[in-house]
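Residue-level listing of the chains:
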Amino acid sequence: MSDDTASPSGTAPVVRPGLIATYRRLWPHLWPHGRPDLQRRVFLAFGLLILAKGVTMVTPFTFKWATDSLVAAVGGRDHGVPAGLVAAPMLLIGLYGLSRIAMALLTQVRDGLFARVAMHAVRRLALQTFAHMHALSLRFHLERKTGGLTRVLERGRSGIEELSRLLVLNLVPTIVEFVLVLAILAYEFDWLYALTAFLTVAAYLGFTYKATEWRIAIRRRMNASDTDAQTKAVDSLLNYETVKYFGAETRETARYDVSMAQYEKASTQTYVSLAVLNAGQAAIFTAGMTAVMWLAARDILAGRTTIGGFVLANTLLVQLSMPLNFMGMIYREIKQALIDIDDMFRILGQNPEIADRPGAKPLAVSGGTVRFEDVRFAYNADRPILRGVSFEVLPGQTVAIVGPSGAGKSTLSRLMFRFYEPQGGHITIDGQDISAVTQESLRAAIGMVPQDTVLFNDTIGYNIRYGRPDADESELREAARLAQIDRFVSGLPEGYDTPVGERGLKLSGGEKQRVAIARTILKGPPILVLDEATSALDSFTEAEIQGALDRVAQGRTTLVIAHRLSTVVNADAILVLDKGVIAERGTHAELLERDGIYAALWNRQREVDAAREVLARTADGPAAPSTQPARGEAVPAE
């Protein structure tokens, strides 16, 4: 896998930082200030690493001594055996076993000590990234898939863990062991042994690098074909009824088989490439080991070393071969970890579009007067949404915003919450410019009941209490009662502990909306925004929800963004937003008398209501159609 991957736009490659640069950015988290306990663990882990490798190097010597002792014990020449150990081969064999146990124990203790350090870094960076994601603007989240962001977080966590583990627990110990092996071969034998071992490992690593790069490209194709097959299978099964409607089972199976054929080909290549990698590694290392053993055998015949020396050279290389066997995997995993960690750091490098000003003070709400003063806004510079909007909502008033789609109604609520900043004009609450106060205090003062209520995959009680987590049980139930959902919840076997499912899918639209209203009631904000809160409901449910909303709005400054005009007839003022400007304003009666945009929308609603009533009566049986327009069910104004 190349370090340079295509950018989202596909115009230029993304330059990825190298291992040293990434590790430098990780180091403050692996060596956290203010945590001397973790710093001590780093010291101890590296100390144990050196000690474990020292014992690892002693182990082949115990094997050598045991071999020479056995040779001496059966009448062979005493070469290189420490005094007093000639007749103690069993003791030396025991020492060999103890050294291997000590090597394993030291390695595991080192791994256990460093695990706390690595996982603390994982937790710290993941928490920092998660908090930063919430601090980023709405625009950032709208331009990215939520699943993609969670994958960045998940892969970043895994990448930090992998990089820490592979570097500290695999790569660094292998380098240390390799250097020690070269030093021992040069000291115990001569430089030709060390040179042979060095060239063997160099050839081994060079081959592993080339073969792993080749395998990464194959695995990328295999993963892509697997993802494609999975996507087609899920999409087809989710559209099971549509497939049946059109008798497309054979077509769907053929589409799936195309992806599976590509997966079969790539998977086969993956296994073949693995066989080539393993065979090449084995051939290179065996050739190098054979050369070293040939040198040792030559020296034995020449009387320059013992049979134990032959065993020592062999054992050193055998021990070195074990970590080298994982070099291909280590290289691949480190490379992927670098990409995943870089993706996480790129998220952390994104500056929030909306940030509190230096010295911003909390919003102080005295009455709750909301004022828009010549507000201008555009998501894109070439497409203005608001072109100088001005209005005022006094404490206790309910002001409705209506108009056709694309007029900018929902944009007003997003600007109030400071999800975006206007390019011109000001929004004030009790005379305080909302751009000059803290976002936390601003959003604490405003309650929102959205059009599409999305609930957390938890219980009903958790979702209501989200408005004020410290609320007690009586306050929770009172909010539910005012939202007219307490009786429904009480009738459930698990009551407020009933799970709502992912996005609240176990509840109906009306039940979810009542939960949202109860949540807002519990929050108790002085300012309320109702953003098309009943547009997705049927007439009966809408009437019930509207009653609950009217109770919530009492005594609060309320801004209603409405699709259905029948829900705002009693508003203190209605503003008609059209093409980014307020085209009309007044009460329901005043706007009908003006016979402008609002009246046209209202008449259209009545006509649709009347047509629906005629259709309903026709479906129920023969009856004379009513000549009076229906006024019961609310119809979208857009």
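It should be emphasised that the depicted structure is a prediction, and the values quoted were computed from it without experimental measurement.

S.K.: Tell me about the sheet that holds strand β4 (residues 383-393), and name the residues and values.
M.R.: Spatially, the four strands line up as an open sheet ordered β4-β3-β6-β7, and their pairing is antiparallel. Each edge of the open sheet is held by one strand with a lone partner, namely β4 and β7 (432-433). Sheet topology places strand β6 (residues 424-429) next to β7; two bridges connect them, and they run antiparallel. Across the sheet, the residue bridging to T428 is D433, located in β7.

S.K.: Quick one: what's the story with the pattern of salt bridges, residue by residue and with numbers?
M.R.: The tally for this structure, following the rule as stated, stands at 19 salt bridges. Close ionic contact of K232 with D228 constitutes a salt bridge, the shortest N to O distance being 3.4 Å. Residue K232 and its partner D228 are both found in helix α6 (residues 191-238); the two are separated by four residues, about one turn of the helix. With its nearest N and O atoms 4.0 Å apart, the salt bridge here joins R468 to D470. Residue R468 is classed as partly exposed on the basis of its relative accessible area, which comes to 27%. Residue class for D470 comes out exposed when judged on its relative accessible area of 63%. Through salt bridges that share partners, R465, E473, R477 and D486 make up one connected network.

S.K.: Lay out the UniProt feature "transmembrane region" (unreviewed entry) in the protein chain in plain terms, naming residues and giving numbers.
M.R.: Look at the UniProt record and you will see "transmembrane region" (unreviewed entry) annotated at residues 42-63, 83-106, 166-185, 191-212, 271-295 and 307-326. What you have in residues 191-212 is 100% helix and 0% strand, and the ends, taken at the C-alpha atoms, are 31 Å apart.

S.K.: Run through helix α11 (residues 409-416), naming residues and quoting values.
M.R.: Burial within α11 is extensive, with six of its eight residues counted as buried. Listed in full, the buried residues belonging to α11 are K409, T411, L412, S413, L415 and M416. Phi turns positive, to about 60 degrees, at R418, one or two residues after α11.

S.K.: Please provide a residue-by-residue account of the layout of surface pockets, values included.
M.R.: Unoccupied space between atoms shows up once a probe the size of one water molecule is rolled over them. Computed from the structure, the largest pocket encloses a volume of approximately 2200 Å³. Forming the boundary of the largest pocket are 42 residues, of which H134, L138, F419, F456 and Y466 lie nearest the centre. If you list the elements that add at least two residues to the lining of the largest pocket, you get α3 (89-135), α4 (138-142), α5 (146-188), α11, α12 (439-444), β8 (446-449) and α16 (509-523). Residue composition of the lining of the largest pocket, by class: 20 nonpolar, 13 polar and nine charged.

Rules of the game
Here the residue index of a chain counts from 1 through its sequence in written order. Local features are withheld for residues below a pLDDT of 70 in this predicted model, meaning they are given only at 70 or higher, and side-chain atom pairs are given and counted only at 80 or more; totals for whole chains, interfaces and linings count all residues. Only heavy atoms go into the side-chain values, all of them from the structure, while hydrogens and water stay out. Two strands qualify as a pair provided that DSSP identifies no fewer than 2 bridges between them. Secondary structure elements follow DSSP: runs of H or I of four or more residues count as helices, runs of E of two or more count as strands, with numbering from the N terminus. Every case where a carboxyl oxygen of Asp or Glu lies within 4 Å of a side-chain nitrogen of Lys or Arg is listed as a salt bridge. The buried label applies to any residue whose accessible area, calculated with a 1.4 Å probe on protein chains only, is under 20% of its type's maximum; exposed applies above 50%, and partly exposed to all values in between. UniProt positions are given in the numbering used here, feature names are shortened, and annotations may be inferred rather than shown by experiment. In this analysis the probe radius is 1.4 Å and the grid spacing 1 Å, with only protein atoms considered; a cavity is a set of points the probe fits into but cannot get out of, a pocket is an open set with protein on both sides within 12 Å along at least five of seven lines, and lining residues have an atom within 4 Å of a point. Grid points are joined across faces, edges and corners, and a volume is the space filled by probe spheres set on the points. Basically, the charged four are Asp, Glu, Lys and Arg, the nonpolar ten are Ala, Val, Leu, Ile, Met, Phe, Trp, Tyr, Cys and Pro, and anything else, Gly included, counts as polar.

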